[in-house]
Amino acid sequence: MLLLRKDQTMATPHINAEMGDFAPAVLMPGDPKRAERIAHMLMDDAKLVTDVRGMLGFTGTVNGRPLSVMGSGMGQPSATIYATELYRWFGVERIIRVGTCGGISPKVKVGDVVVALGAHTDSAMNTLRIPGVHFSAVASFKLASAAVAAAKEADNVHVGTIISRDHFYLPVEGQVQKLADYGVLGVEMEAAAMYGVAAEFGKEALTVLTVSDHLLDGSADMTAEERETKFRGALDLAVAAAFV
Ligand code: HPA
């Protein structure tokens, strides 16, 4: 569905930008205010290109190369709406989610970075895609390789599976320990659906996460200050993937 505004420029139900306003690569944090901070952190020339429902999106350049940053909101339905519109109507080729996750694997510590090769899920969003099939939600190999190469074998960067859940608070008896037994690195709420949308449109997606808390090891959550400084490491890997 494309809406024609009075001024004859194109808009979609959730993005009030015009074709050409977005760069081919979009960094996508959950929080629109974080999108604004990232845009100004990385770019001197970041311009606001969309603000429907306060879901801010910016475009500018990094070393002369175009880049956009836009919030996804929380959860798979919200992320799916924005990813779909960006891929389908705004010429976006790759979306790199930059966010936080709860640690699950004992190998992962608060402040570490997770590159999500694949995302298990308890969501029905990808089961609706291909009748009778449990969809494999996987990252773009090209983008994942670029992020991993940029990490230069840093021992705080982990590469593997995560889980994208539809609940933040609902405890499911035994689930987190079982996920740990299967080597799952962390939990967040968007990646599986975003990988599904990328597959639907033949585009690329990757998720790079900072571990903000740990569900099993009892360690303290990151402070607000730590969130910003540690987050920078994950952001650098995401930028490397954006420009590969
Ligand atoms: N679930 C649990 N803990 C978390 C999450 C999540 O989605 N994100 C960051 N910490």
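Placed above this text is the structure.
Here the structure is a predicted model, which is why all the values come from computation and not from measurement.

1. Points about the overall build of the chain
Moving on, step 1. A count of helical and extended segments in the chain gives six helices and 11 strands.
Moving on, step 2. A compact globule built from 244 residues would reach a C-alpha radius of gyration of about 18 Å, and the chain, at 17 Å, matches this within 12%.
Moving on, step 3. Each principal axis of the C-alpha atoms in the chain carries an extent, and together these give about 55 × 45 × 30 Å.
Moving on, step 4. Looking at the chain as a whole, 52% of its 244 residues qualify as buried.
Moving on, step 5. Taking as baseline every contact in the chain between residues at least 6 positions apart, the subset at least 24 positions apart corresponds to 74%.

2. Here's the deal with the packing of aromatic side chains
Moving on, step 1. Under the counting rule described, the total for this entry stands at three aromatic pairs.
Moving on, step 2. Considering the side-chain rings of F168 and Y169, the 4.8 Å spacing of their centres and the 70 degrees angle between planes classify their relative orientation as edge-to-face.
Moving on, step 3. Sitting above the plane of the F231 ring, R34 keeps its charged end 4.2 Å from the centroid.

3. So, the environment of F141
Moving on, step 1. As for its position among the elements, F141 is in helix 3 (residues 141-151).
Moving on, step 2. Classification of F141 by relative accessible area gives exposed; the value is 70%.
Moving on, step 3. Once the C-alpha coordinates of F141 and A205 are considered, the two residues, 64 residues apart in sequence, prove to be 9.1 Å apart.

4. Focus: the side chain of H214
Moving on, step 1. Mapped onto the secondary structure, H214 falls in strand 11 (residues 204-214).
Moving on, step 2. Look at H214 and you get buried, because its relative accessible area is 8%.
Moving on, step 3. A distance of 3.5 Å separates the side chain of H214 from the backbone oxygen of G103, its partner in a polar contact.
Moving on, step 4. Within the structure, H214 has its side chain in polar contact with the backbone oxygen of V108 (distance 3.2 Å).
Moving on, step 5. Discounting residues that sit within four places of it in the chain, H214 has contacts with G103, I104, S105, P106, V108, V110 and S219.

Calculation criteria
Residues numbered from 1 in each chain as written. Predicted model: local features only at pLDDT ≥ 70, side-chain atom pairs only at ≥ 80, totals over all residues. Heavy atoms only, no water. Helix = DSSP H or I, 4+ residues; strand = E, 2+ residues; numbered from the N terminus. Rg over C-alpha atoms; globule rule 2.2 N^0.38 Å. Buried < 20%, exposed > 50% of the residue type's maximum accessible area, 1.4 Å probe, protein only. Contact = heavy atoms within 4.5 Å. Phe/Tyr/Trp six-rings, centres within 6.5 Å; stacked < 30°, edge-to-face > 60°. Lys NZ or Arg CZ within 6 Å of the ring centre and 35° of its normal. Polar contact = N/O pair within 3.5 Å; in protein donor to acceptor, adjacent residues only side chain to side chain.

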